[in-house]
Amino acid sequence: MIPFSKTLDPVMLGEFYHALASAGRDPSLHIIDKLPLNYLYIGLIAKALPRARIVHVHKPPLAVGWGMFKTLFVQGYPFSYDQVELGRYIAAFHRLMDHWSRELPGRIHHVFYDDLVRDPTTGIRELVAACGLDWNEDCLSPHKGSTANTSHSAAQIREPIHTRGLSGWRDFAPYLEPMRKAMLAEGLVTE
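First things first, this report covers the structure right here in the doc. Not measured: the values here are computed from a predicted model.

**Observations regarding the overall build of the protein**
Thinking step 1. A count of helical and extended segments in the protein gives seven helices and two strands.
Thinking step 2. Structurally, the protein occupies a C-alpha span of about 50 × 45 × 35 Å along its principal axes.
Thinking step 3. The buried share of the protein, taken over its 191 residues, is 26%.
Thinking step 4. Across the protein, every contact between residues at least 6 apart in sequence was considered, and the portion connecting residues at least 24 apart equals 60%.
Thinking step 5. Distance from the positive charge centre (20 side chains) to the negative charge centre (20 side chains) of the protein: 2 Å.

**Digging into the state of the cysteines**
Thinking step 1. Following the criterion strictly, the structure yields zero disulfides and no others.
Thinking step 2. Free of any disulfide, Cys139 has its nearest neighbouring cysteine sulfur in Cys131, separated by 9.8 Å.
Thinking step 3. When its relative accessible area of 27% is taken as the criterion, Cys139 is described as partly exposed.

**A word on the packing of aromatic side chains**
Thinking step 1. Scanning the model with the defined rule gives six aromatic pairs in all.
Thinking step 2. Ring geometry for Phe79 and Tyr89: centres 3.7 Å apart, planes at 15°, overall stacked. You can see Phe79 sitting in the loop between helix H3 (61-69) and helix H4 (83-103) and its partner Tyr89 sitting in helix H4, a full 10 residues away along the chain.
Thinking step 3. Accessibility expressed as a relative area gives 16% for Phe79, which makes it buried.
Thinking step 4. The rings of Tyr39, Phe73, Tyr77, Phe79, Tyr89 and Phe93 are connected pair by pair, giving a single aromatic cluster.

**Remarks on the nonpolar core**
Thinking step 1. If you look at the biggest cluster of nonpolar residues, it comprises 14 residues, and the most contacted ones within it are Leu86, Trp169, Met179 and Met183.
Thinking step 2. Elements with a minimum of two residues in this core: H3, H4 and helix H7 (177-185).
Thinking step 3. Residue contributions to this core peak at four residues, all from H3.
Thinking step 4. Grouped together as the second largest cluster of nonpolar side chains are nine residues, Ile54, Phe93, Trp100 and Ile108 included.

**Some remarks on the environment of Asp33**
Thinking step 1. With respect to the helices and strands, the residue Asp33 is situated in the loop between helix H1 (10-22) and helix H2 (42-48).
Thinking step 2. On a C-alpha basis, the gap between Asp33 and Ala21 in space is 9.2 Å, while along the polypeptide they are 12 residues apart.
Thinking step 3. Those residues in contact with Asp33, other than ones at most four positions away along the chain, are Tyr17 and Asn38.
Thinking step 4. Of the polar contacts made by the side chain of Asp33, one reaches the side chain of Tyr17; its length is 2.7 Å.

Parameters at a glance
- Residues numbered from 1 in each chain as written.
- Predicted model: local features only at pLDDT ≥ 70, side-chain atom pairs only at ≥ 80, totals over all residues.
- Heavy atoms only, no water.
- Helix = DSSP H or I, 4+ residues; strand = E, 2+ residues; numbered from the N terminus.
- Buried < 20%, exposed > 50% of the residue type's maximum accessible area, 1.4 Å probe, protein only.
- Contact = heavy atoms within 4.5 Å.
- Lys, Arg positive; Asp, Glu negative; His and termini not counted.
- Charge placed at Lys NZ, Arg CZ, Asp CG, Glu CD.
- Disulfide = S-S within 2.5 Å.
- Phe/Tyr/Trp six-rings, centres within 6.5 Å; stacked < 30°, edge-to-face > 60°.
- Core = buried A, V, L, I, M, F, W, Y, C linked by side-chain atoms within 4.5 Å.
- Polar contact = N/O pair within 3.5 Å; in protein donor to acceptor, adjacent residues only side chain to side chain.

Here it is as structure tokens:
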């Protein structure tokens, strides 16, 4: 175990993380860590894991807000139950991602969700290439995978890629006014 220290070497931390994450796994496999709060640690991740590929998936802010607001998280994310707090949180997320994109040019691959689901072949090919992986046709049918998933998206990943989620939040737009106004005040959305 690595003891906590203000002077902890990021490379040592990266090696420790990699050892834990890959323990008992096929060394030829890649590790995907999609924890929602990873964006808070992008600077440390970039130093600790210099070969890590960082992917930022962009969705319209209100779509993100609606997705979080309607999800009952067992633990954590208390801001997601208050629309104003959630709107401010999403705005802060955007500011921080803009910062990291400026500070780490070329390290963050930006994926626009709407474009990806409208043209999955192009989007997925670009993502696979950005991650330095070899192309595999199975990437176009992720719903056929057999890997276990316990995240809130577990049911979604068992469906073929579709565009149903692009505007579903709009049906609830009248009820999302507190969130929209908070985002408007933060300069994240326009009238």
